[in-house]
Amino acid sequence: FKGIVDLVKNRAIVWHEEGMGATFDVIDIPENMKAEAKKYRALLIEEVASYDENLLEKFMEDEESITEDEVHAALRAAVMDMAIIPMICGSAFKNKGVQFLLDAVCRYLPSPMDKEGIVGVNPDTEKEEVRKPDVKEPFAALAFKIATDPFVGRLAFFRAYSGRLDAGSYVLNNRSGKKERISRIYQMHANKQNAIDFIEAGDIGAAVGFKSIKTGDTLTDEKHPIVLESMDFPDPVIGIAVEPKTKADVDKLGMGLAKLAEEDPTFTVRSDEASGQTIISGMGELHLDVIVDRLRREFKVEVNQGQPQVEYKEAITQSADHREVYKKQSGGRGKFADIVFTVEPADEGVTGLQFESIIKGGNVPKEFIPSIEKGFKMAMVNGPLAGYEIDSMKVTLKDGSYHDVDSDQLSFELAAKLGFKNCARAAKAVIMEPIMKLEVITPEENMGDIVGDLNRRRGQVSDMGDRAGAKTVKATVPLSEMFGYVTTLRTLSSGRATSTMEFSHYAETPSNISEEVIKAAKGVES
């Protein structure tokens, strides 16, 4: 592969081997290719002309009278209308054709100026506002990535949608409501960064010197706040325990994990209360493998890792009424709390605790109500069946009683915790498991084996189709059944099939799986 023929300009481009695609010569089309080039140029002009009536007339009268600019203008209109998809020839291995690919992107694809503007919500008025991609508009940008550079420190990559930002000036972070000083702005390249004095609408840059910018934050002019559409990040679905191989690495591990968690919102770090282990959680086996590899490469921390564990959750499926009386007498002042409540699934779309008190007449003093709510919130962190988190539930506090001397805030908090655990059976608490969306691309002869394997893994095939001479299988499969799937898929297809997997939703586990999960969580041999 030496070069390409540009059918619009009727010329050939040949790259220099020694320059790795950076330099090239423009030459006449070689004699042995002229006839082929003329044939394909005629097809190109014919396609473009059929989209533009003026060009069609010119094409009929004299094909050669069509100018280069007219072809570009018609091609751009056709691409914007999704009627034509231009093909650019090149080689990524030797960087050949990169310049012309980028020229085509600028020339044919829509620019921000072709759209009216980006829509956001003004946090003060709660009304929608439009910011046009114009330097004269107030500054608005979206931070889409946080990275750590060994020389510069923390970098916030952001896209400027409107206005202009000068290095050394202040912006408003609309998530926290605080001002952030952007001391320096960099234009990022693959292997270096250039400091620039300002950034304008449509550009992408990296900011340095901020305190608390996170992925998805909107940065704006202080006097013109707006919140652009942020990214939604799913909860982690798989976790592993990690520990440093040497005691000297304990601090380095903590710092490394904190920096990685800041960069990646789908990666979380927590300490397990029961075992004291550090648990890292992410979106899949590969995600956590990459995290462990980055700890090794970037932070020079060698870690031991445990077996992957699925991040199960628990849920309440029915309404249940319960009365909890908490009494404790240990000499002197005792503890007393009495509450009557209903536990049920939360209203649709509500996450967290939906708490309501309908107590009349001061049966439970008002100052104890927040403690009861706090008790239920804390109980949701460790579910009643196996200690997994509960995402949402509704609690209605109906009645209760108190003791003038023995009742205090802690008594009612403990009553709420114990009451929730005791009524879980009546509320039909269940274990929920993460379900993944899986797509497999496979040769047709391996289709039966792959579908059979998915059925054995409790998978539900939702669609089968064709793509570029191969077959596609779409299915939903429980994550707990997918450990080591890539290896099995290679074996079934002799290495020819590929798969992609992403989180879909949580669903109730079958009773036999629930029993195993509960036994494993409680340390009982199944």
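Residues numbered from 1 in each chain as written. Predicted model: local features only at pLDDT ≥ 70, side-chain atom pairs only at ≥ 80, totals over all residues. Heavy atoms only, no water.

Participant: Break down the sheet that holds strand S3 (residues 24-27) for me, with residues and values.
Facilitator: Picture the strands of a sheet paired through backbone hydrogen bonds; they go either parallel or antiparallel. One open sheet holds the 3 strands; their spatial order is S1-S2-S3, and the pairing between them is antiparallel. The sheet is open, and its two edges are formed by strand S1 (3-6) and S3, each paired on a single side. Strand after strand, the sheet turns through a mean of 20 degrees between neighbouring axes, direction not considered. Here strand S2 (residues 11-15) runs beside S3; their pairing, made up of 4 bridges, is antiparallel. The partner of Ile13 across the bridge, within S3, is Val26. (Pairing = 2+ DSSP bridges. Helix = DSSP H or I, 4+ residues; strand = E, 2+ residues; numbered from the N terminus. Axes fitted to C-alpha atoms, helices over the stretch in contact; angles between N-to-C directions.)

Participant: I'd love a proper account of the pattern of salt bridges, names of residues and values included.
Facilitator: Across all of its chains, the model carries 30 salt bridges by this definition. Note that Asp217 and Arg175 form a salt bridge whose closest N and O atoms lie 2.8 Å from each other. Of this pair, Asp217 sits in the loop between strand S14 (204-208) and strand S15 (218-220) while Arg175 sits in the loop between strand S9 (170-173) and strand S10 (178-181), and the two are 42 residues apart along the sequence. Classification of Asp217 as buried rests on a relative accessible area of 4%. Arg297 serves as the salt-bridge partner of Asp293, at 2.9 Å between the closest nitrogen and oxygen. Note that Asp293 and Arg297 are positioned in helix H6 (residues 285-298) at a spacing of 4 residues, about one turn of the helix. When its relative accessible area of 30% is taken as the criterion, Asp293 is described as partly exposed. Via salt bridges that share partners, Asp293, Arg296, Arg297 and Glu302 belong to a single interconnected network. (Salt bridge = Lys/Arg side-chain N within 4 Å of Asp/Glu carboxyl O. Buried < 20%, exposed > 50% of the residue type's maximum accessible area, 1.4 Å probe, protein only.)

Participant: How would you sum up unusual backbone geometry? Please name residues and give values.
Facilitator: Glycine aside, a negative phi is what most residues show, and trans is what most peptide bonds show. Positioned with a positive phi, Asn10 is a non-glycine residue whose angle comes to about 55 degrees. Mapping Asn10 onto the fold places it in the loop between S1 and S2. A positive phi angle is found at Ser494, which is not glycine, with a value near 55 degrees. Checked against the element boundaries, Ser494 lands in the loop between helix H10 (485-493) and strand S30 (498-508).

Participant: Tell me about the domain arrangement of the protein, and name the residues and values.
Facilitator: Each assigned domain of the protein is listed with its residue range as follows: domain 1 (3-108), domain 2 (118-228), domain 3 (238-307), domain 4 (315-427) and domain 5 (432-512). Taking the mean C-alpha position of each, domain 1 and domain 4 sit 71 Å from one another. (Domains from an automatic or database assignment.)

Participant: Describe the pairing of strand S6 (residues 140-149), with residues and values.
Facilitator: Among the 10 residues in S6, 7 count as buried, and that is most of the element. Bridging between S6 and strand S7 (residues 153-162) involves 9 bridges; their strand directions are antiparallel. Residue Ala147 lies in a different strand from S7, and its bridge partner there is Leu155. From the end of S6 to the start of S7, which pair antiparallel, there are 3 residues. The pairing of S6 with S15 spans 3 bridges and is classified as antiparallel. Residue Ala140 lies in a different strand from S15, and its bridge partner there is Thr220.

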